[in-house]
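# A closer look at the structure
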Amino acid sequence: RAKHFVGSHLRQVPCLDACVQVVPKTLRFWRRRKYQTLGQGEQDDGTEVEDKRQSINHAFGGLVIKVAMLCMIGVTVLTMVQNSKYEEQAKDRLPEEMGAEPSDEEFRRDAPLVLYLGALELLICGACAQTASNLYTRRRHALKHPQDCEGERMQRYVKVELSKDASQQDRQLYGLVFRSSTDGLECLVVEQVQPNSLLDLWNRKCNRENAQQILQAALGGSAAAGLDGAPGGGVAPAMPVQPRVLPGAAVVAINHVFADVGMMQLELSKPSVTLWVRSEIFHPSLLESEVLADDDETPAPAPGQASDSGPPAIAPPGAPAVDGVVVDGSVPGPIFFGKPCEDESPSGGSTFNAADAIAGPRCASLAFEDEEPQILMRWLICSVLFGWVTMLPVLLMQPHESRPRQHLFRQYLLKPCLFLMPLWLLAWLLDCVELFFEANIMSPFFYFSVVHMLMPAVLVWYLLKLQAADQQLVLDQRKARQAEAAKDSSALQPVAVEDPAPTLLKEFICMNPVALVIIGSVAAIPIVISSLLTPMKTERARMAQGFLNMVYGPQIFLQLAFMWVLTNVKFVDLPRFYVACFGFLLSVPCFVVWCICLTCASRYGRQDMLLAQGQRIQRGRALVVTEKQAGDEESGSAGPEQEMPASSVVDTVEVMHREWELCYSA
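Residues numbered from 1 in each chain as written. Predicted model: local features only at pLDDT ≥ 70, side-chain atom pairs only at ≥ 80, totals over all residues. Heavy atoms only, no water.

### Topic: the overall build of the chain
Each helix and strand in the chain was counted, giving 20 helices and nine strands. Scored against the burial criterion, the 666 residues of the chain give a buried share of 50%. For the chain, the exposed surface amounts to about 31300 Å²; the carbon and sulfur share of it is 60%. (Helix = DSSP H or I, 4+ residues; strand = E, 2+ residues; numbered from the N terminus. Buried < 20%, exposed > 50% of the residue type's maximum accessible area, 1.4 Å probe, protein only. Areas by Shrake-Rupley, 256 points an atom, 1.4 Å probe, with all protein chains shown as cover.)

What follows is the structure, encoded as structure tokens:
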């Protein structure tokens, strides 16, 4: 839980990495190992050449980052000059005058600190634009089906063919537990392989084949050494190793469908599938999981013990045998996809029968909607406070032509931002100018009330409308795609899934408590009013609205107090006011508010997950009852009604590296 807590408040880490991309490689004192290029999933895959849809965002981000760095250098020089003048003037002042510092000198001393904040906003804007470009630039697996690749690129994928038993095509699961990717990656990330399932039997078959190949290679090398009379023995020829599908792998295509997580999950409801799996795909949206992942470094097994991470290795004659295969820890095992599962032991024959696999739960849990834009939703929440800084990268992101969820951002936010964005930029520029030249252009009350309260109020209204439209779109996609699949095949697996997650409302509640208090102090009133005036259709969204009103309702008094404080702020006090606000965030009252916000966020996460689990089980049981009644009508006899246990209805496994989120299963 502690790792999940840290991860939930470090979710903007992918943006920070984009800032260093403009620094020449010769000037960098660090070297990237695992992430050679953040956001480029495959080395030399050519996505920067083939997909140019996000070139505007990429160029804009790079330009703004360079301008921000130049501004920081200029502000640093200004700070050095101002401090030198201040020290010279302080030497000439009398001791009794030292305690009464003029306001003009305070202004000149503290103004560079506020200008640093302006340069930092430019840096954040450029970093977000670069990250958005990396997120939604399509990778090779999203541009070309793996079966169309050739040569070395074809070897990056493994093909897995699974077919259900003919007698229970609509009752058997493949044993794949996964979560959908987010923010443009377009793949299914494997979380777990159910024991004794079809996929687990396929893995065991690979175990046996790998062990036999290694054994043949070792025996062939020993025989060659005996014939040649070499004292040191011969070297066994390298044999190809068949990889397995383990947690951490990414399913990039299913049957003929690729680059569409919703349609890929729809294929999983069919009686037979062909999975195309890749071991590792690096992406900014996965950075949080990679940072919080455990270091699964399996120690080398002792002699006579089998390795938990793969099939047994080969030992010289006389070594003990496990499951009929001689093992020894001195010979390394093959390298597998993803991370090793627990209790993985090679068993079974070289082939497997679908009838030998367990059926698993009665219902699958699949979501047929488009990919969820989580990071873009977080930036929209930040735009309530920062305005254009995080809004511009979202609007400059070129949506995919066949992803309606990505088009919602421009559909609901472009028109109001065409009016708000010039005003935001003009007000920000005038604020920087008056701080630099010490000229009073706008009163602090007018600036803060219009830029940080009135404009965010308009934005919040459209954000809640965007959330309602996103929920309706997801429900429509699920209904339409499931009906379309039912026409094509009559042997589909029953699907029980919970309501779609209200991503925007969830981010409002579960954001960093510091940002939550700041947003509440400037936009608590419009958030509560917009929530009350925007009805939500799903039960999960309505529960999130209740928590949203509970978190931001008391902060209405904080916003009213902030407005009263602004009436007493003068222009000469503006730099000191900025510094005092940051100091107030570290005070005891704010710390108490942070604890309350964290408690509410944790409570909401737990309640939301329990509701999702309950919806899955309830809907799964309803499908089972309906199916049983239909069977009784056909047979003309009604059997006793017995409630199935939850584990026999549908899987409700929690995601490993994300808090309060459930996996899907097929």
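### Topic: the pattern of salt bridges
Using the criterion set out here, one finds 17 salt bridges in the structure. Notably, a salt bridge pairs Arg-481 with Asp-370, separated by 3.2 Å at the nearest N-O pair. Here the residue Arg-481 occupies a position in helix 13 (residues 444-488), and Asp-370 occupies one in the loop between strand 8 (325-326) and helix 10 (374-386), the gap between them amounting to 111 residues. Comparing Arg-481 with Asp-370, the two get one shared label, buried. If you follow the salt bridges from partner to partner, you end up with Glu-186, Asp-260, Asp-370, Arg-403 and Arg-481 in one network. (Salt bridge = Lys/Arg side-chain N within 4 Å of Asp/Glu carboxyl O.)

### Describing the packing of helix 13 against helix 14 (residues 503-510)
Following both chains from N to C, one finds helix 13 and helix 14 inclined at 130 degrees, their axes separated by 8 Å at the closest point. Judged on the interaxial angle alone, helix 14 and helix 13 are oblique. Here helix 13 contributes Leu-463, Leu-464 and Gln-467 to the contact with helix 14, which in turn contributes Thr-503, Leu-504 and Leu-505. Here the residues of the contact of helix 13 with helix 14 sort into four nonpolar, two polar and no charged. (Axes fitted to C-alpha atoms, helices over the stretch in contact; angles between N-to-C directions. Parallel < 35°, antiparallel > 145°, perpendicular 65-115°, else oblique. Contact = heavy atoms within 4.5 Å. Nonpolar A, V, L, I, M, F, W, Y, C, P; charged D, E, K, R; others polar.)

### Some details on the nonpolar core
Ranked by internal contacts, the top residues of the largest apolar core, which has 86 residues, are Leu-380, Trp-388, Leu-413, Phe-508, Ile-519 and Tyr-552. The dominant element in this core, judged by the number of residues it contributes, is helix 13, at 12 residues. One finds Ala-367, Phe-368, Ala-485 and Tyr-664 within the second-largest nonpolar core, a separate group that totals 36 residues. (Core = buried A, V, L, I, M, F, W, Y, C linked by side-chain atoms within 4.5 Å.)

### Section: helix 17 (residues 555-566)
The terminal C-alpha atoms of helix 17, which comprises 12 residues, lie 17 Å apart, in line with the 16 Å expected from a rise of 1.5 Å per residue. All of the buried residues along helix 17 are Gln-555, Gln-559, Phe-562 and Leu-566. Summarising the axial view, the buried residues of helix 17 lie within an arc of 60 degrees, below the 170-degree limit, and thus occupy one face. Set apart from the buried face of helix 17 by more than 90 degrees, the exposed residues are Phe-557 and Trp-564. (Expected span 1.5 Å × (residues − 1). Arc of directions from axis to C-beta.)

### Observations regarding the packing of aromatic side chains
Scanning the entire structure with this criterion turns up 12 aromatic pairs. Taken together, a centroid distance of 6.1 Å and an interplanar angle of 40 degrees make the contact between Phe-178 and Tyr-664 tilted. Of this pair, Phe-178 sits in strand 2 (residues 176-180) while Tyr-664 sits in strand 9 (residues 664-665); the two residues are 486 residues apart in sequence, bridging distant segments of the chain. Assigned by exposure class, Phe-178 and Tyr-664 land together as buried. Grouping aromatic residues by their ring pairs yields a cluster made of Tyr-447, Phe-448, Phe-562, Phe-577 and Tyr-578. When the ring centre of Tyr-174 is taken as reference, the NZ or CZ atom of Lys-164 above it lies at 4.8 Å. The residue whose ring lies beneath Arg-278 is Tyr-157, and the NZ or CZ to ring-centre distance is 6.0 Å. (Phe/Tyr/Trp six-rings, centres within 6.5 Å; stacked < 30°, edge-to-face > 60°. Lys NZ or Arg CZ within 6 Å of the ring centre and 35° of its normal.)

### So, the packing of helix 13 against helix 15 (residues 513-533)
Put simply, helix 13 and helix 15 touch, their axes get as near as 9 Å, and they point 30 degrees apart. In terms of axis orientation, helix 13 runs roughly parallel to helix 15. Relative to helix 15, the crossing made by helix 13 is right-handed. Facing helix 13, whose interface residues are His-452, Met-453, Ala-457, Val-460, Trp-461 and Leu-464, helix 15 presents Ser-521, Val-522, Pro-526, Ile-527, Ser-530, Ser-531 and Leu-533. (Left-handed = near helix turned anticlockwise from the far one by under 90°.)

### Some thoughts on the environment of Leu-548
Relative to the helices and strands, Leu-548 is located in helix 16 (residues 539-552). Linking Leu-548 and Ser-531, residues 17 residues apart in sequence, is a C-alpha distance of 7.9 Å. Excluding anything up to four places from it in sequence, Leu-548 contacts Leu-505, Phe-508, Ile-509, Ile-527, Ser-531 and Gly-553.

### Comments concerning helix 15
For helix 15, spanning 21 residues, the distance from its first C-alpha to its last is only 25 Å, which falls clearly below the expected 30 Å at 1.5 Å a residue. Its maximal kink placed at Ala-523, helix 15 deviates by approximately 80 degrees, while the proline Pro-526 follows within four residues. Its side-chain oxygen placed 2.9 Å from the backbone nitrogen of Val-514, Asn-512 serves as the N-cap of helix 15. (Bend = angle between axes of the 7 residues up to and from the residue. Polar contact = N/O pair within 3.5 Å; in protein donor to acceptor, adjacent residues only side chain to side chain.)

### Some thoughts on the state of the cysteines
In this structure the tally under the stated criterion is zero disulfides. With no disulfide of its own, Cys-595 has Cys-597 as its nearest cysteine by sulfur position, at a separation of 9.2 Å. According to the relative accessible area criterion, Cys-595 is partly exposed, its value standing at 36%. Unpaired in terms of disulfides, Cys-597 finds its nearest cysteine sulfur in Cys-600, a separation of 6.5 Å. A residue is classified by how much of its surface remains accessible, and Cys-597, at 7% relative accessible area, is buried. (Disulfide = S-S within 2.5 Å.)

Keep in mind these numbers describe shape, not what the thing actually does.
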